[in-house]
Amino acid sequence: MVGTSDFVELIKGRRSIRAWQDRPVPEELLVQAIELATWAPNGANAQIWFFYLILDSKIIKTIGDAARESMEMVASWPETAKSSGFPPRPSTPEGQEAPPPPKRSPLSDAPAMILVGAKNRENPLNKILAERAQVDEKAAQMLEWSKSLQPGIQSVAAGIAYLLLALHQLGLGATWMTGPLSLTKGEVEKLIGVPSNISIIALIPVGYPDDTPQGIRRPVSEICRVIK
């Protein structure tokens, strides 16, 4: 059983890894991590997540190349030149040095990749609120609140968090990515044959780490308000 100190070390020792050793990852380890991820809390225990484990290097490279090409296309737009916030850069607290860029492509060169999907599931509460909202202003406000919560995304995100911790415990590195999907989602889903009732919401390159990024977090006093 993992003790308290071990659990703290597991949480604080996990990093987003973007460089990989040139060695394959055993399929059984990845499947084990995915199985552990399914024990995450999720709305109504509907377990709407679905995982695509990709070990084919050609498919992984195709996904990585598509993301790179789309990024280059967006970078060439005049609208992009007007923006100072794209492509986004990881925030670095004052007094700290920004991490160096990865030595290899975090996508194309990854030994393995896990695509995480969310099954489409209608929220019965939203259906009730939508009908009532036609005659009730308060119900319309409730509907907006309910939609903003995105319980399905929250459920799958919890599974991803568990997945990352499980991978770390197994000696593997990974990073949770959504940016590439915003530019290539349709292509990726078509490439791996995702059915219409599933939407890919995250891609996670996985491998044995080849870098050791530092963990930096703001003090809890800055991000927590205690109400007594």
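The model shown is predicted, which means the values in this text are computed figures rather than measured ones. (Residues numbered from 1 in each chain as written. Predicted model: local features only at pLDDT ≥ 70, side-chain atom pairs only at ≥ 80, totals over all residues. Heavy atoms only, no water.)

Student: Please clarify how empty space enclosed by the protein should be interpreted in this entry.
Tutor: Space left empty within the atom packing is revealed by a probe, the size of a water molecule, rolled over the atoms. In the structure shown here, the tally under the stated rule is one cavity of 30 Å³ or more. The volume enclosed by the largest cavity comes to roughly 40 Å³. Along the lines of polarity and charge, the residues of the lining of the largest cavity split into three nonpolar, two polar and two charged. (1 Å grid on protein atoms, 1.4 Å probe; cavity = no way out; pocket = protein on both sides within 12 Å on 5 of 7 lines; lining within 4 Å. Points joined across faces, edges and corners; volume = space filled by probe spheres on them. Nonpolar A, V, L, I, M, F, W, Y, C, P; charged D, E, K, R; others polar.)

Student: Would you mind showing me how to read the nonpolar core here?
Tutor: A general trend in soluble globular proteins is that nonpolar side chains are found buried together. With 28 residues, the main nonpolar core has Leu-163, Ile-204 and Val-206 as its most contacted residues. Sorting the residues of this core by element identifies α2 (27–37), β1 (49–54), β2 (112–119), α7 (151–169) and β4 (198–207) as the ones contributing at least two each. Examining the composition of this core, we find that seven residues originate from one element, α7, more than from any other. Contact partners of Val-206, with chain neighbours within four places excluded, come to Trp-20, Val-25, Leu-30, Ala-110, Pro-111, Ala-112, Ile-114, Leu-167, Leu-172, Gly-173 and Ala-174. (Core = buried A, V, L, I, M, F, W, Y, C linked by side-chain atoms within 4.5 Å. Buried < 20%, exposed > 50% of the residue type's maximum accessible area, 1.4 Å probe, protein only. Helix = DSSP H or I, 4+ residues; strand = E, 2+ residues; numbered from the N terminus. Contact = heavy atoms within 4.5 Å.)

Student: Even after reading the chapter, I still don't get the side chain of Arg-14, so can you show me in this structure?
Tutor: Residue position: Arg-14 is located in the loop between α1 (4–13) and α2. For Arg-14, which is buried and forms no salt bridge, the nearest opposite charge comes from Asp-211, at a distance of 10 Å. Other than its neighbours up to four places away in sequence, Arg-14 contacts Leu-164, Leu-165, His-168 and Arg-217. (Lys, Arg positive; Asp, Glu negative; His and termini not counted. Salt bridge = Lys/Arg side-chain N within 4 Å of Asp/Glu carboxyl O.)

Student: Can you help me understand the packing of aromatic side chains in this one?
Tutor: Within a pair of aromatic rings, the relevant descriptors are the distance that separates the centres and the angle that separates the planes. Within the structure shown, the criterion is met by one aromatic pair. The lysine or arginine in question, Arg-23, covers the ring of Tyr-208, its NZ or CZ lying 3.6 Å from the ring centre. (Phe/Tyr/Trp six-rings, centres within 6.5 Å; stacked < 30°, edge-to-face > 60°. Lys NZ or Arg CZ within 6 Å of the ring centre and 35° of its normal.)

Student: Could you clarify how one ought to interpret the layout of surface pockets in this entry?
Tutor: Approximately 370 Å³ is the volume found for the second largest pocket. When contributions to the lining of the second largest pocket are tallied by element, the ones reaching two or more residues are β2, α5 (124–132), α6 (137–149), α7 and β4. Per-element accounting of the lining of the second largest pocket gives the leading share, four residues, to α7.

Student: For this particular structure, what's the right way to read unusual backbone geometry?
Tutor: Excluding glycine, residues mostly carry a negative phi; peptide bonds, for their part, are mostly trans. Positive phi, close to 55°, is recorded for Ala-44, a residue that is not glycine. If you trace the backbone, Ala-44 turns up in the loop between α2 and β1. Classification of Ala-44 as exposed rests on a relative accessible area of 65%. Located in the positive-phi region is Gln-47, a residue other than glycine, with phi close to 50°. Within the fold, Gln-47 resides in the loop between α2 and β1.

Student: Sorry, what's going on with the packing of α2 against α7 here?
Tutor: Axes are the key here: two packed helices are described by the angle between their axes and the distance separating the axes. Two elements in contact, α2 and α7, have axes whose closest approach is 8 Å; the angle formed by their N-to-C orientations is 140°. Relative to α7, the element α2 is oriented oblique. The hand of the α2/α7 crossing is right-handed. Contacts from Leu-30, Ala-33, Ile-34, Leu-36 and Ala-37 in α2 reach Gly-159, Tyr-162, Leu-163, Ala-166 and Leu-167 in α7. Residue classes in the contact of α2 with α7 are distributed as nine nonpolar, one polar and no charged. (Axes fitted to C-alpha atoms, helices over the stretch in contact; angles between N-to-C directions. Parallel < 35°, antiparallel > 145°, perpendicular 65-115°, else oblique. Left-handed = near helix turned anticlockwise from the far one by under 90°.)

Student: Please explain α7 as it appears in this structure.
Tutor: The α-helix advances 3.6 residues per turn, and as a result positions three or four apart in sequence lie on the same side. Over its 19 residues, α7 extends 27 Å from the first C-alpha to the last, a length consistent with the 27 Å expected when each residue adds 1.5 Å. Of all the residues in α7, the buried ones are Ser-155, Val-156, Ala-158, Gly-159, Ile-160, Leu-163, Leu-164, Ala-166 and Leu-167. Here the buried face of α7 lies against α2, β1, β2, β3 (173–174) and β4. Downstream of α7 by one or two residues, Gly-171 has phi in the positive range, about 85°. (Expected span 1.5 Å × (residues − 1).)

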